[in-house]
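Descriptive structure summary
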Amino acid sequence: MKVAVVGAGLAGLAAACELTDLGHHGVVCARRPWAGGKTYSFLDRETGESVDNGQHVFMGCTTAYTGFLARLGTLALTKRQRRLRVPVFDAQGRRSDITAVALPGGLHLAGSFLRYRHLALADKLRAARLLAAVTRMPAAARDTLDGVAFGEWLRLHGQSESSIRALWDLVLVPTLNARADEVSAAAALFVLQEGFLKSAESGALGIPTVGLSALHVEPALAYVAARGGGVRLGCTVTRLQAEGEKVSSVVSSGGAEPFDAVVCAVPHRQVAALLPEQVAGASPFAELATIPAAPIVNVHVWFDRSVTALPFAAFAEGDLQWLFNRSRLEGRQGDGQHVVVSLSAAERWMALDKGALERHFVAALRTAFPEARQAQVRRCVVLKEPEATFVPAPGIRRPGARTPLANLYLAGAYTATGWPATMESAVRSGLAAARTLHSDSCRRAPAEATSGR
Ligand SMILES: Cc1cc2nc3c(=O)[nH]c(=O)nc-3n(C[C@H](O)[C@H](O)[C@H](O)COP(=O)(O)OP(=O)(O)OC[C@H]3O[C@@H](n4cnc5c(N)ncnc54)[C@H](O)[C@@H]3O)c2cc1C
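Residues numbered from 1 in each chain as written. Predicted model: local features only at pLDDT ≥ 70, side-chain atom pairs only at ≥ 80, totals over all residues. Heavy atoms only, no water.

**Comments concerning the site of the ligand**
Looking at the ligand, there are 32 residues lining it, with K38, H56, V57, A413 and M423 nearest. Within the backbone of G9, a nitrogen or oxygen atom sits 3.5 Å from an oxygen atom of the ligand. Interatomic distance of 3.5 Å between a backbone N/O atom of Q55 and a nitrogen atom of the ligand. In the complex, the protein chains occlude 92% of the 1000 Å² of accessible area that the ligand would expose alone. Taken together, the elements giving at least two residues each to the shell around the ligand come down to helix 1 (10-21), strand 19 (377-390) and helix 15 (423-450). Residue composition of the shell around the ligand, by class: 17 nonpolar, 12 polar and 3 charged. The residues that make up the shell around the ligand include at least three from each of domain 1 (2-39 + 210-291 + 400-450) and domain 3 (293-390). (Near = heavy atom within 4 Å. Polar contact = N/O pair within 3.5 Å; in protein donor to acceptor, adjacent residues only side chain to side chain. Areas by Shrake-Rupley, 256 points an atom, 1.4 Å probe, with all protein chains shown as cover. Helix = DSSP H or I, 4+ residues; strand = E, 2+ residues; numbered from the N terminus. Nonpolar A, V, L, I, M, F, W, Y, C, P; charged D, E, K, R; others polar. Domains from an automatic or database assignment.)

See below:
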């Protein structure tokens, strides 16, 4: 079948790769002159370095994403921990590591949690009791909490405001891009169970050592092209034309073109605008506009010397959330150092201009890392992604791959994969859309042959 894949983010790329492997002619259309959607790199002319639109991290549990990299042959271009280990700093610069050891699920973090210094003892004991209960909670019970805000659930289970800020938000803000009060308890508990409590390996961090375009975007486009698929960059789709219960053609600047099926992999708030009015106004498309989104801000700083030997660090207090040492991660030797501060749930930083963000975060880095106090800033780049991810707010409805139009399928991190807005969810959604389309086409083909069509 000739299939249009509208949108070349990770969901569209994963769908296009899968479709070509399943024997379809997939044509992937990217709105911009480059592909990758929320994951791409650009050349910073001043430093000559490849810079990502946002620092991305994955985990041991994100097997669809690592499977995708393995398929593209690029998994070796990442650094992967065997087990979770994260240095966490408080406002005074005191360090306390979260370290998983080789013990069965739940117990693997117990030792380092008891030694953890950034939480009062009473908060720690209450949190430990709750974490033990979460480890044992069946998925069905967890999923009944979809309509409840996690913050409310935590308070109901005896968690203090300081523990919500210093512990629960430390985990949720980078993984869900929102705070405990803004997300559903089911989504938060999924992250805790799947990412941290399941096993010592599930939370192990994986970090790209090259730019995201080199890691998965360019290789995915090459994969599709090498298998006879089509790649159209700078191709904005303006309309999906429907006839009866099906999409008949895809309209772009190049005109209207007929396709047998379409995988729509554009961001959730842009889906309805592509559809005929009567379809866009009905379920599930109409509800997509109600799914909230949240920003992420990255502040890249090039110092004239090394300011830390750590490859990355998390911060339990203050404004620095996560720091990544790009020079170290990319194995770049030199007289300076490139670090990036990654700020999730970044609403409060969006209104500040580059100069203000540079001043604020360079000062924060100088407080956290004594070596940075003498260091000069050679360059600073601020990148803002206003709708970086959807927010799994209580009660939102995430659609599946099938839609009321028989040959239109949805893909995107926001679809009902069960995962938060991650590269994992995007890849899962793309694979699900391609496989659903394929199995529907196999079911229809014999029926159409029998009816003589
Ligand atoms: C700064 C930042 C940091 C992040 N950090 C992490 C992280 O550490 N770990 C992690 O797992 N995830 C992270 N994420 C989330 C992750 O990047 C996304 O969940 C994922 O990439 C979304 O992929 P997608 O394909 O669903 O959507 P998108 O990447 O948004 O792709 C949609 C595509 O559709 C295209 N499009 C839109 N309209 C049209 C049109 N009319 N015609 C043709 N094409 C169109 C867009 O140009 C885009 O290419 C981060 C995201 C950001 C922005």
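**Re the sheet that holds strand 13 (residues 255-258)**
On the basis of which strands lie adjacent, the open sheet formed by 3 strands has the order 11-12-13 and antiparallel pairing. In this open sheet, the two edge strands, each paired with only one partner strand, are strand 11 (237-243) and strand 13. Ignoring which end each strand starts from, the neighbouring axes of this sheet average 30° apart. Pairing geometry for strand 12 (residues 246-252) and strand 13, over 4 bridges, is antiparallel. The residue bridging S252 from the neighbouring strand is G255, located in strand 13. (Pairing = 2+ DSSP bridges. Axes fitted to C-alpha atoms, helices over the stretch in contact; angles between N-to-C directions.)

**Notes on the packing of helix 4 (residues 121-136) against helix 8 (residues 185-197)**
Contact geometry for helix 4 and helix 8: axes closest at 10 Å, N-to-C directions at 90°. Between helix 4 and helix 8, the angle is such that the two are roughly perpendicular. Where helix 4 approaches helix 8, its residues L131, V134 and T135 are matched on the opposing element by L189, L192, Q193 and L197. Residue composition of the contact of helix 4 with helix 8, grouped by class: 5 nonpolar, 2 polar and no charged. (Parallel < 35°, antiparallel > 145°, perpendicular 65-115°, else oblique. Contact = heavy atoms within 4.5 Å.)

**Here we look at the packing of aromatic side chains**
A complete count under the given rule lists 12 aromatic pairs for this structure. Their ring planes at 15° and their centres at 5.8 Å tell us that F150 and W153 sit as a pair that is stacked. Here the residue F150 and the residue W153 both occupy positions in helix 6 (residues 150-156), the gap between them amounting to 3 residues, near one helical turn. What makes F150 buried here is its relative accessible area of 0%. (Phe/Tyr/Trp six-rings, centres within 6.5 Å; stacked < 30°, edge-to-face > 60°. Buried < 20%, exposed > 50% of the residue type's maximum accessible area, 1.4 Å probe, protein only.)

**Description of the sheet that holds strand 7 (residues 85-89)**
Taken together, the 7 strands give an open sheet; going across it, the order is 8-7-16-17-18-15-19, and neighbouring strands pair in mixed fashion. Strands at the two margins of the open sheet, each flanked by one partner only, are strand 8 (95-99) and strand 19. Averaged over all pairs of adjacent strands, the angle between their axes in this sheet comes to 25°, without regard to strand direction. Pairing between strand 15 (residues 293-303) and strand 18 (residues 337-343): 7 bridges, direction antiparallel. Each residue of the ladder has a partner; that of V297, found in strand 18, is L343. Across the sheet, helix 14 (residues 354-368) is in contact with strand 15, strand 16 (312-315), strand 17 (322-325), strand 18 and strand 19; its angle to strand 19 comes to roughly 105°.

**Looking at the packing of helix 1 against helix 9 (residues 212-226)**
For the pair helix 1 and helix 9, the least separation of the axes is 9 Å and the interaxial angle reads 25°. Looking at the two axes, helix 1 sits roughly parallel to helix 9. Classified by chirality, the crossing of helix 9 by helix 1 is left-handed. Touching L10, L13, A16, C17, T20 and D21 of helix 1 are H216, V217, A220, L221, Y223 and V224, all from helix 9. Broken down by class, the residue content of the contact of helix 1 with helix 9 amounts to 9 nonpolar, 2 polar and 1 charged. (Left-handed = near helix turned anticlockwise from the far one by under 90°.)

Don't take any of this as a statement about function, it's just geometry.
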